[in-house]
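# Structural features, examined
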Amino acid sequence: MDYKVTTYNEQDTIELAQNIESEKFKNMVICLEGDLGSGKTVFTKGFAHALEVTEDVTSPTFNIIKEYTTGEMPLYHMDVYRLDGNIDALGIEEYYTKGGITIIEWADTIIDYLPDKRLDIKIKVIDEEKRVFIMIPHGKKYEDLCEAVL
Ligand SMILES: Nc1ncnc2c1ncn2[C@@H]1O[C@H](COP(=O)(O)OP(=O)(O)OP(=O)(O)O)[C@@H](O)[C@H]1O
Ligand SMILES: [Mg+2]
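Residues numbered from 1 in each chain as written. Chains lettered and ligands numbered in written order. Predicted model: local features only at pLDDT ≥ 70, side-chain atom pairs only at ≥ 80, totals over all residues.

### Quick notes on the overall build of the protein
Note the following rule: Strands are runs of DSSP state E lasting at least two residues, helices are runs of H or I lasting at least four, and both sets are numbered from the N terminus onward. C-alpha atoms define the radius of gyration in this analysis, and the globule rule sets the expected value at 2.2 Å times the number of residues to the power 0.38. For the exposure call, what matters is how many other C-beta atoms sit within 10 Å of a residue's own: 20 or more marks it buried, 12 or fewer exposed, and in between partly exposed, using C-beta atoms placed from the backbone. By the convention adopted here, residues make contact when the C-beta atoms placed from their backbones lie within 7 Å.
Each helix and strand in the protein was counted, giving 4 helices and 7 strands. What you see for the protein is a C-alpha radius of gyration of 14 Å, in line with the 15 Å of a compact globule of 150 residues. Structurally, the protein occupies a C-alpha span of about 40 × 30 × 30 Å along its principal axes. By residue count, 36% of the 150 residues in the protein fall in the buried class. The contacts of the protein with a sequence gap of at least 6 include a subset with a gap of at least 24, amounting to 61%.

So, in structure tokens, the structure goes:
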């Protein structure tokens with residue numbers, strides 16, 4: 001089953017991220033897909049804030065992976081947009097079981113490297129501020145999470 005949430009501004013998206021954060025668990029993986037400017041980084045910042053990460057969360061586009069360790073759990077924020085297939089060298093799969101939470105922007109571009117169990121979130125841009133978030137849980141824990149928060 002898919003879950004749909006419509007957000008009408010940035011704050012709504014932050015609240016959605018906070019709701020998902022409230023059901024967090026170790027080794028959770030969230031895969032974001034959506035066009036440039038759809039809200040992937042806004043979502044991640046909202047999640048990080050809820051995790052009480054005190055560092056400034058910025059887009060990791062040129063760094064690929066950023067680790068934040070000041071929150072309740074480690075957060076691994078990835079943006080794989082510019083990877084261009086150089087993914088093997090990155091050891092991305094090691095992050096999935098490191099005990100923290102992984103959030104991947106442009107995850108759909110590395111589909112073969114994603115874990116089987118994960119939460120896919122597809123963001124559709126409707127207009128300047130309206131977004132539809134389509135959440136697709138893969139695995140029981142993610143289904144329960146969606147049931148609990150959405
Ligand atoms: N409902 C909404 N949810 C999230 N962001 C919104 C919304 N409405 C407007 N915005 C704006 O859209 C932009 C989203 O930018 P953001 O950096 O999060 O996109 P992104 O998906 O990470 O893009 P990129 O692919 O370049 O990394 C921000 O400027 C934000 O203020
Ligand atoms: Mg981004």
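So, next bit.
### Comments concerning the site of ligand 1
Inclusion rule: By convention here, the C-beta atom is placed from the backbone, and a residue is near a molecule or strand when that atom is within 6 Å of it. In this count, Pro and Cys sit with the nonpolar residues alongside Ala, Val, Leu, Ile, Met, Phe, Trp and Tyr, while Asp, Glu, Lys and Arg are called charged and the others, Gly among them, polar.
With respect to spatial proximity, 17 residues lie near ligand 1, and among them T13, G39, K40, T41 and V42 are the closest. Secondary structure elements with two or more residues in the shell around ligand 1: α1 (10-21) and α2 (40-50). Each residue belonging to the shell around ligand 1 can be placed in one class, and the counts come to 2 nonpolar, 9 polar and 6 charged.

### Section: α2
Every α-helix carries 3.6 residues per turn, so stepping three or four residues along brings you back to the same face. The buried fraction of α2 amounts to 8 of the 11 residues, a majority that puts the element mostly inside the structure. On the buried face of α2, the contacting elements are α1, β2 (28-34), β3 (65-68), β4 (75-79), β5 (101-105) and β6 (118-125). E52 occupies a position one or two residues after α2 and carries a positive phi of about 70°.

### Examining the sheet that holds β6
Spelled out, the test is: One bridge is not enough; two strands pair if DSSP finds at least two bridges between them. Here, axes are lines fitted to C-alpha atoms. For helices the fit covers the stretch in contact, and angles between N-to-C directions go from 0 to 180 degrees.
The strand order β1-β7-β6-β2-β5-β4-β3 describes an open sheet built from 7 strands, whose pairing is mixed. One side of each edge strand has no neighbouring strand; the edge strands of this open sheet are β1 (3-7) and β3. Across this sheet, the average inter-strand angle for adjacent strands is 20°, counted without regard to direction. On the sheet, α1 packs against β1 and β7 (131-138) and is oriented at approximately 145° with respect to β1.

### Topic: the packing of α1 against α2
Defined as follows: Roughly parallel refers to an angle under 35 degrees, roughly antiparallel to one over 145, roughly perpendicular to one between 65 and 115, and oblique to any angle outside these ranges. Should the near helix be turned anticlockwise from the far one by less than a right angle, the crossing is left-handed, and should it be turned clockwise, the crossing is right-handed.
Interhelical geometry of α1 versus α2 gives an angle of 50° and a closest axis separation of 8 Å. As far as their axial angle goes, α2 and α1 are oblique. Two packed elements cross with a definite hand, and for α1 against α2 that hand is right-handed. Across the interface between the two elements, E10, T13, I14, A17, Q18, I20 and E21 of α1 pack against V42, F43, G46, F47 and A50 of α2. Grouping the amino acids of the contact of α1 with α2 by side-chain chemistry returns 7 nonpolar, 3 polar and 2 charged.

### Concerning unusual backbone geometry
Phi is positive for N27, close to 65°, though the residue is something other than glycine. Structurally, N27 can be placed in the loop between α1 and β2. The backbone of W106 shows a phi angle near 65°, a positive value even though the residue is not glycine. Tracing the backbone shows W106 in the loop between β5 and β6.

### Section: the nonpolar core
As a reminder of what qualifies: Throughout this description, the term nonpolar core refers to a group of buried Ala, Val, Leu, Ile, Met, Phe, Trp, Tyr and Cys residues whose C-beta atoms join them within 7 Å.
With 33 residues, the main nonpolar core has I30, C31, L32, L75 and I121 as its most contacted residues. Considering each element in turn, this core owes the most residues, 5 residues, to β2. If sequence neighbours within four positions are ignored, C31 has contacts with I104, A107, L114, R118, L119, D120 and I121.

### Observations concerning the pairing of β6
Two elements, β2 and β6, share 5 bridges in a ladder whose sense is parallel. Note on β6: the bridge partner recorded for L32 is I121. Of the pairings in the sheet, the one linking β6 to β7 comprises 8 bridges and is antiparallel in character. By the bridge assignment for β7, K122 is matched with I134.

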